[in-house]
Amino acid sequence: MTTIRTFHAPGRVNLIGEYTDFNGGLVFPCAINRGTQVTVTEDASVSGVALSSEQLEFSGTVNVAVDAQPVDKQWVNYPLGVMVEFARLGFNVDGYKFHYSGDLPQSAGLSSSASISVLTAFAVNALVGADLSRQELALLAQRSENDFINVQCGIMDQFVIAMAQADFAIALDCDTLKYQQVPLSLGEYRIVIGNTNQPRELKSSAYNERVAECQSALAILAPLTKVEQLAHVTPSQLKEHSHLLTDVVVRNRATHVVEESDRVKRATVALENGALEEFGQLMYQSHVSLRDLFEVSSYTLDCMVDLASNTEGVIGSRMTGAGFGGCTVSLVHADKVEPFIVEVGRQYQKSTDLEASFYVTTATDGVSEVQS
Ligand code: GLA
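Described below are features of the structure shown in this document.

The rules behind these values
- Residues numbered from 1 in each chain as written.
- Predicted model: local features only at pLDDT ≥ 70, side-chain atom pairs only at ≥ 80, totals over all residues.
- Heavy atoms only, no water.
- Helix = DSSP H or I, 4+ residues; strand = E, 2+ residues; numbered from the N terminus.
- Buried < 20%, exposed > 50% of the residue type's maximum accessible area, 1.4 Å probe, protein only.
- Pairing = 2+ DSSP bridges.
- Axes fitted to C-alpha atoms, helices over the stretch in contact; angles between N-to-C directions.
- Contact = heavy atoms within 4.5 Å.
- Salt bridge = Lys/Arg side-chain N within 4 Å of Asp/Glu carboxyl O.
- Near = heavy atom within 4 Å.
- Polar contact = N/O pair within 3.5 Å; in protein donor to acceptor, adjacent residues only side chain to side chain.
- Areas by Shrake-Rupley, 256 points an atom, 1.4 Å probe, with all protein chains shown as cover.
- Nonpolar A, V, L, I, M, F, W, Y, C, P; charged D, E, K, R; others polar.
- Domains from an automatic or database assignment.
- Expected span 1.5 Å × (residues − 1).
- Core = buried A, V, L, I, M, F, W, Y, C linked by side-chain atoms within 4.5 Å.
- Disulfide = S-S within 2.5 Å.

Notes on the environment of G129
Here is step 1 of the chain: Looking at the secondary structure, you find G129 in the loop between helix 2 (112-128) and helix 3 (134-149).
Here is step 2 of the chain: On the basis of relative accessible area, G129 is assigned to the exposed category, the value being 54%.
Here is step 3 of the chain: It is 8.9 Å that separates the C-alpha atoms of G129 and F91, two residues lying 38 residues apart in sequence.

Examining the sheet that holds strand 9 (residues 314-320)
Here is step 1 of the chain: Taken together, the four strands give an open sheet; going across it, the order is 9-10-8-11, and neighbouring strands pair in antiparallel fashion. At either end of the open sheet lies a strand with only one pairing partner, and these are strand 9 and strand 11 (357-361). Between one strand and the next, the sheet's axes are offset by a mean angle of 25°, whatever the strand orientation.
Here is step 2 of the chain: Helix-sheet contacts for helix 8 (residues 276-292) involve strand 8 (189-195), strand 9 and strand 10 (327-333), and the interaxial angle to strand 9 is about 35°.
Here is step 3 of the chain: In the packing of helix 10 (residues 337-352) onto the sheet, contacts are made with strand 8, strand 9, strand 10 and strand 11, and the angle to strand 11 comes to roughly 160°.

Concerning the pairing of strand 6 (residues 168-173)
Here is step 1 of the chain: As judged from the two bridges shared by strand 2 (residues 26-42) and strand 6, these two strands associate in the antiparallel manner. Bridging from a neighbouring strand, L26 pairs with D173 of strand 6.
Here is step 2 of the chain: By the bridge criterion, five bridges tie strand 6 to strand 7 (residues 179-183) in an arrangement that is antiparallel. Residue pairing in the sheet places A171 in a bridge with Q180 of strand 7.
Here is step 3 of the chain: Taken together, strand 6 and the strand that follows it, strand 7, pair antiparallel across an intervening segment of five residues, in which L177 is found at a positive phi of about 65°.

Regarding the pattern of salt bridges
Here is step 1 of the chain: Per the stated rule, a full pass over the model turns up 15 salt bridges.
Here is step 2 of the chain: With a closest N to O distance of 2.9 Å, R253 and E295 form a salt bridge. Residue R253 is found in helix 7 (residues 248-272), and its partner E295 is found in the loop between helix 8 and helix 9 (299-309); the two are separated by 42 residues along the sequence.
Here is step 3 of the chain: With a relative accessible area of 4%, R253 lands in the buried category.
Here is step 4 of the chain: Judged by relative accessible area, which is 39%, E295 ranks as partly exposed.
Here is step 5 of the chain: Residue K336 pairs with E312 through a salt bridge whose shortest N-O separation is 3.5 Å. Pair noted here: K336 is in the loop between strand 10 and helix 10 and E312 is in the loop between helix 9 and strand 9, with a separation of 24 residues, a long-range link.
Here is step 6 of the chain: Here the salt bridges do not stand alone but share partners, grouping E18, E260, R263 and R318 into one network.

Observations concerning the site of the ligand
Here is step 1 of the chain: Surrounding the ligand, one finds R12, E18, Y19, D21, C153, G154, M156, D157, Y207, G321 and A322.
Here is step 2 of the chain: A distance of 3.0 Å separates an oxygen atom of the ligand from a polar backbone atom of G154.
Here is step 3 of the chain: Residue Y207 places a side-chain N or O atom 2.6 Å away from an oxygen atom belonging to the ligand.
Here is step 4 of the chain: Surface burial for the ligand is 94%, taken as the share of its 310 Å² of free accessible area covered by protein chains.
Here is step 5 of the chain: Classifying every residue of the shell around the ligand gives five nonpolar, two polar and four charged.
Here is step 6 of the chain: When residues of the shell around the ligand are assigned to domains, at least three fall in each of domain 1 (4-183 + 365-370) and domain 2 (189-361).

A short note on helix 2
Here is step 1 of the chain: The terminal C-alpha atoms of helix 2, which comprises 17 residues, lie 24 Å apart, in line with the 24 Å expected from a rise of 1.5 Å per residue.
Here is step 2 of the chain: Within helix 2, 14 of the 17 residues are buried, which leaves the element mostly enclosed by the surrounding structure.
Here is step 3 of the chain: The positive-phi residue at the C-terminal boundary of helix 2 is G129, with phi of around 65°.

Observations concerning the nonpolar core
Here is step 1 of the chain: One finds Y19, V64 and F98 to be the most contacted residues of the largest nonpolar core, which totals 82 residues.
Here is step 2 of the chain: By residue number, the principal contributor to this core is helix 2, which donates nine residues.
Here is step 3 of the chain: Mapped onto the domain boundaries, this core takes at least three residues apiece from domain 1 (4-183 + 365-370) and domain 2 (189-361).
Here is step 4 of the chain: With sequence-adjacent residues up to four places away left out, V64 is seen in contact with V49, L80, M83, V84, A87 and V93.
Here is step 5 of the chain: Listed in part, the 32 residues of the second largest apolar core include C30, L186, V264 and L282.

Considering the state of the cysteines
Here is step 1 of the chain: Scanning the model with the defined rule gives zero disulfides in all.
Here is step 2 of the chain: In this structure C303 is not part of a disulfide, and its nearest cysteine sulfur, from C327, lies 14 Å away.
Here is step 3 of the chain: Taking relative accessible area as the criterion, C303 reaches 10% and is therefore assigned buried.
Here is step 4 of the chain: The structure places no disulfide on C327, whose sulfur is separated from the nearest cysteine sulfur, that of C30, by 13 Å.

Structure follows, in structure tokens:
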């Protein structure tokens, strides 16, 4: 009898702590109630691995070799890159069919790519008995995105998708990978994701540029402050030395990273103390910094955050993920969620000619096998 196994990985929303992960800083994401599924069937007649997805419009086989090269169809490289990593560890996944489906919008800042990568890593791990821990799977998936896809992303997305627990957000130190599962006690408030539906190509070049600018800032600040990661520079050290960052773009990037990491600390404490309004204020500040200092927001994201901030029942709102279009995340009072969706949607359409989508989410579990 043919064995069919199904696995599920969520997407993620980052509540606060953007562009801090590859700078050794803090992030505070949770997994969401939308994600990706893969159904895996053993089929000895397949030479290589068969990958297919209706939504992602692909059906074909790939050869997984240690020196396999990326293919033209972009999303295929996410599972392929992960399988190549397993091949390098000596595990072979030939003779399987992987069929992907899901309800996570693509390229919308909710980590559809990390969802596919971690899902594939988790499934392959189970199929070949590689016995890697969830954390090792997250690192493997990140490595494949860095090396195979050539995006120098941090660990946030893969980590939360691998490690998340329902009703908790993860306060992760991306330098040491020490983390704390923090109860996401939002009381009467709900997490509402607003999708700008602004088509966002993966701005991998703009992303990698930000990585390089942060490295330039670190190269100047490290000898003076003895830190090894940009996010470890304290706000007062930055103030003392910022005149040495003569390139204003580099100075702005560094200021964002240092202040954003500090905001994550304050936000997790605020949440633990039930100070939700303070948490929301920090979200607004994060958005302004991403817009003005890190320059990864967009007209549509700014418009949606502005509209949210003027809507009754909203205590915080910001862009989430890599930006350049994609999604916002807002904290909205439960009684006001429906009017929020109607009003923000209506005014957003008036300003941008685009129709927004909204997803109300709870914090969900990370990747798992679906028991049939
Ligand atoms: C993307 C990357 C993450 C992180 C965010 C920005 O989602 O994959 O590693 O850098 O952007 O916070």
